[in-house]
Amino acid sequence: MALMTGEEYVESMRKLNLQVYMFGEKIENPVDDPILRPSLNSVKATYDLAQMPEYEDLLTAASSVTGEKINRFTHIHQSAGDLVKKVKMQRLCGQKTAACFQRCVGMDAFNAVYSTTYDVDEKYGTSYHENFKKFLTYAQQNDLTTDGAMTDPKGDRSLAPHAQADPDLFLHVVERRPDGIVVRGAKAHQTGIINSHEVLVMPTIAMGEDDKDYAVSFTVPTDSEGIFMIVGRQSCDTRKLENSQMDVGNSEYGGMEALVVFDDVFVPNDRIFLNGEYEFAGVLVERFAGYHRQSYGGCKVGVGDVLIGASAVAAEYNGAERASHVKDKLIEMTHLNETLYCCGIACSAEGTPTKSGNYLIDLLLANVCKQNVTRFPYEIARLAEDIAGGLMVTAPSEKDLKDPKLGAYIDKYFRGVADVSTENRMRIMRLIENLTLGSAAVGYRTESMHGAGSPQAQRIMIARQSNLRMKKKMAKEIAKIKEDK
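Residues numbered from 1 in each chain as written. Predicted model: local features only at pLDDT ≥ 70, side-chain atom pairs only at ≥ 80, totals over all residues. Heavy atoms only, no water.

Asker: What's the story with the pairing of strand S5 (residues 146-149) in this structure? I'm lost.
Answerer: Looking down a regular strand, the side chains alternate between one sheet face and the other. Burial along S5 is two-sided: Thr146 and Gly148 facing one way and Asp147 and Ala149 facing the other are all buried. Bridge count between S5 and strand S8 (residues 198-201): four bridges; the pairing is parallel. Counterpart to aspartate 147 in the pairing with S8 is valine 199. (Buried < 20%, exposed > 50% of the residue type's maximum accessible area, 1.4 Å probe, protein only. Helix = DSSP H or I, 4+ residues; strand = E, 2+ residues; numbered from the N terminus. Pairing = 2+ DSSP bridges.)

Take a look at the structure:
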C-alpha cells in the first residue's frame, strides 16, 4: 500500500496511542476533538488530493527507492523538476485548505537527512544512510505522515547547548546502549505532530565538540513510550467549541502546534541517523532550513490566493469593488503573492544534485524567498483588513444572527449590497478574520516570520551565499581598476 486514502489516514491515526494534553487535561481521542480535528482534516486533504486524477502529477511521484507510486510528501527529489512540482503542490494544498497542511516539515527533513547521512557515512564509514533509506522505504510504502522536529527550546540563547543551566533545553543523548540510545529533551512549536505517525528529530544549530551529545538525529513513532505532547493555544481556538460554522471562519481546515517532550525515549540503532558527529549538525540544519524556506514560496502563496479572493469578495459585498483604490490594493496583493511564488520556483529551478543523488535547492534564492515571506504576508493581510472594513472584527455572533429577535436587526443593519445576504457578508468577513487575526494567522503571519528560521537567520545565509568577492572582482574589471600588489 503506497497510497492511503484520506479516510484510511484518519483511521490509521485512531490506532495510535498518542499522549496529547490540552487545557490541563489528557485528550483521549485527538482525532475527533473539535479543536484539533480541523488540523487533522488539513493533513487528510493531502491524501485526498493524491487520489484525484487531475492532481496526480503534482501529488504523486515514482519512488527513487522502490519505483512504486508514492505521495510526493514522502519523495526524495530527483531533479529540479521535482523541486518545482513540490512548490506547485504546496500552493495547491494551500488553495484547498487555506491553512497549514503540516506535511512539509517531514518532506523537507527527509531530503535534508538523506544527503547529510550520505556525507557522514562517506567520512566515518557509518551506516546512517542505509538506516535512513530503510526508514524512508517504510514511510513511503505505508504513506506515513512524519513530523520534522528541529526547534529546541534553547534556553539562554547566548550559551551553547552543553553550557545551559538545564542540560535538557536542547534534546540530547543521555545513555548509549548496545541496542540504541536514550534521549531526553523537547522540541517546541511542532507543527502537525499530533497528526503524524512518526517524528524525525534533527539538531537545531551548528555545534562544537563539547555539544556532541546534542548532535543527534533519529526517527521514532509518535506514540513511543516517553513522548507526550502539549498543544499550543491559537487565537480564537475555543470558538470551535461553540457549534458555530460561521464564527470560526474556516470550519473544516486548520493547523496546530505543540511542545513535544522526550522523557527518556529509547531509539533503536537502525533508527539513528546522527549520533555525536557534531560537525554535521550545521550541515543538516542548513539543508533543512533551505528546503523549508523554499516551501514557504508555495504554501503561503496558496493561502494568500484564498485571502486575496476573500478580499475581492468582501469588496463586492461592500459595494466597493469598482473603487480604483480597492482595485489597486488587490493588484498590490497579487503582485506581492506572485513575487513569493517566483522565489519558490526560482530556487527550485536552480536546484543541483548532491553527492547522494537527491536535489538541493539554490540556497541563496531559498533564503531570499523566506526573507520576503517574513514581510509580504503581513502587507497582504494589512490590505485585506483595509478592504474588508471593521465588520470583520466587530460582527455579532452566528447565534445572534439566528436569534428570533436580534437576527432581524443584524440582517437589516449589517447588509451591504442589497442582493447579497447579510449571512454571506459575515461569512467572508470571518474568513478574513481567521486568516489575518484568528487561528489561521498562526500559519499565515507569525509562522511566516519565525518558521524555518527568523529573519536574521536568512540574512546571515544571504550574506554567506552572496559571493561579494566575485561581484567586487567583476566591478573592478569593468572599471579597469589595477591595484598595487
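There's more to say after this.
Asker: Help me out: how do you make sense of the sheet that holds strand S2 (residues 25-26) in this one?
Answerer: As a general point, the strands of a sheet are linked pairwise by backbone hydrogen bonds and lie either parallel or antiparallel. Pairing within the open sheet is mixed, and its six strands lie in the order S2-S1-S10-S11-S7-S6. Strand pairing shows two members of the sheet lacking a second neighbour, S2 and strand S6 (172-177), which therefore form its edges. As paired strands, strand S1 (residues 20-22) and strand S10 (residues 227-231) are joined by two bridges and run parallel to one another. Note that in S10 the partner of valine 20 across the bridge is methionine 229.

Asker: Explanation requested: the state of the cysteines in the structure shown.
Answerer: Working definition of a disulfide: a covalent bond connecting the sulfur atoms of two cysteines. In the structure shown here, the tally under the stated rule is zero disulfides. Of all cysteine sulfurs in the structure, the one in cysteine 104 sits closest to cysteine 100, which takes part in no disulfide; the separation is 6.6 Å. (Disulfide = S-S within 2.5 Å.)

Asker: Would you mind showing me how to read helix H10 (residues 376-388) here?
Answerer: The periodicity of an α-helix, 3.6 residues per turn, causes residues three or four positions apart to be oriented the same way. Its 13 residues place the ends of H10 18 Å apart at the C-alpha level, agreeing with the 18 Å of an ideal helix rising 1.5 Å per residue. Burial in H10 covers these residues: Phe376, Pro377, Ile380, Ala381, Leu383, Ala384, Ile387 and Ala388. Each buried residue of H10 lies within a common arc of 165° when the element is viewed along its axis, so the set occupies one face. Buried residues along H10 sit against helix H7 (281-318), helix H8 (324-349), helix H9 (363-373), helix H11 (391-394), helix H14 (422-436) and helix H15 (441-450). (Expected span 1.5 Å × (residues − 1). Arc of directions from axis to C-beta. Contact = heavy atoms within 4.5 Å.)

Asker: Just to check I follow, could you spell out the sheet that holds strand S9 (residues 216-221) for this structure?
Answerer: Across the sheet, four strands lie side by side as S5-S8-S9-S12; this open sheet has mixed pairing. Edge strands, defined here as strands with exactly one partner in the open sheet, are S5 and strand S12 (272-275). This sheet shows a mean twist of 20° between the axes of neighbouring strands, independent of strand direction. The strands touched by helix H5 (residues 104-124) within the sheet are S5, S8, S9 and S12, with S5 carrying the most contacts at an inclination of about 65°. Strands in contact with helix H6 (residues 128-141) are S5, S8, S9 and S12; relative to S12, the strand with the most contacts, it is inclined by about 145°. (Axes fitted to C-alpha atoms, helices over the stretch in contact; angles between N-to-C directions.)

Asker: Help me out: how do you make sense of the pattern of salt bridges in this one?
Answerer: Where charged atoms from two side chains of opposite charge approach closely, those side chains can pair. One pass over the structure, following the stated rule, counts 37 salt bridges. Measuring nitrogen to oxygen at the nearest pair gives 2.6 Å for the salt bridge that ties aspartate 264 to arginine 184. Placement of the pair is aspartate 264 in strand S11 (residues 257-268) and arginine 184 in strand S7 (residues 180-191), with a sequence separation of 80 residues. Residue class for aspartate 264 comes out partly exposed when judged on its relative accessible area of 36%. For arginine 184, a relative accessible area of 29% translates into the label partly exposed. Among the ionic pairs, lysine 476 bridges to glutamate 483, the shortest N-O distance being 2.9 Å. (Salt bridge = Lys/Arg side-chain N within 4 Å of Asp/Glu carboxyl O.)

Asker: Could you clarify how one ought to interpret the packing of helix H4 (residues 80-97) against H7 in this entry?
Answerer: The axes of two packed helices give the description: the angle between them and the distance between them. Closest axis-to-axis distance for the H4/H7 pair is 7 Å, and the angle between their directions is 35°. Considering only the axes of H4 and H7, their crossing is right-handed. Along its contact with H4, which presents Leu83, Lys86, Val87, Gln90, Arg91, Gly94 and Gln95, the element H7 presents Tyr291, Gln294, Ser295, Gly297, Gly298, Cys299, Val301, Gly302, Val303, Asp305 and Val306. Tallied by class, residues from the contact of H4 with H7 come to seven nonpolar, eight polar and three charged. (Left-handed = near helix turned anticlockwise from the far one by under 90°. Nonpolar A, V, L, I, M, F, W, Y, C, P; charged D, E, K, R; others polar.)

Asker: So what exactly am I meant to see when it comes to unusual backbone geometry here?
Answerer: Excluding glycine, residues mostly have negative phi values, and the peptide bonds linking residues are mostly trans. For glutamine 102, which is not glycine, the phi torsion reads 75° and is therefore positive. You can see glutamine 102 is positioned in the loop between H4 and H5. Phi at aspartate 264 is positive, roughly 55°, even though this residue is not glycine.

Asker: Any chance you could explain the side chain of glutamine 458 here in plain terms?
Answerer: Among the secondary structure elements, glutamine 458 is positioned in helix H16 (residues 455-465). Glutamine 458 sits in the buried class, given a relative accessible area of 0%. From its side chain, glutamine 458 meets the backbone oxygen of serine 454 in a polar contact 3.0 Å long. When near neighbours in sequence (up to four residues on either side) are disregarded, glutamine 458 contacts Arg293, Asn367, Lys370, Gln371, Thr374, Ala452 and Gly453. (Polar contact = N/O pair within 3.5 Å; in protein donor to acceptor, adjacent residues only side chain to side chain.)

Asker: Sorry, what's going on with the packing of aromatic side chains here?
Answerer: The geometry of an aromatic ring pair is captured by two quantities: the separation of the ring centres and the angle between the planes. A full pass over the atoms with the stated rule returns 13 aromatic pairs. Ring geometry for phenylalanine 218 and phenylalanine 262: centres 6.2 Å apart, planes at 85°, overall edge-to-face. Of this pair, phenylalanine 218 sits in strand S9 while phenylalanine 262 sits in strand S11; the two residues are 44 residues apart in sequence, bridging distant segments of the chain. Among the aromatic side chains, those forming a connected cluster through ring pairs are Phe110, Tyr114, Phe132, Phe135, Tyr138 and Phe273. One Lys or Arg, arginine 91, reaches over the ring of tyrosine 341 and ends 4.4 Å from the middle of that ring. The ring of tyrosine 47 has arginine 103 sitting right over it, with the charged end atom 4.3 Å from the ring centre. (Phe/Tyr/Trp six-rings, centres within 6.5 Å; stacked < 30°, edge-to-face > 60°. Lys NZ or Arg CZ within 6 Å of the ring centre and 35° of its normal.)

Asker: Explain the side chain of glutamine 371 to me, please; I cannot follow it from the model alone.
Answerer: Mapped onto the elements, glutamine 371 comes out in helix H9. When its relative accessible area of 6% is taken as the criterion, glutamine 371 is described as buried. Once you skip the residues sitting within four places of it in the chain, glutamine 371 turns out to touch Pro455, Gln458, Arg459 and Ile462.

Take it as geometry only, folks, not as evidence of what the structure does.
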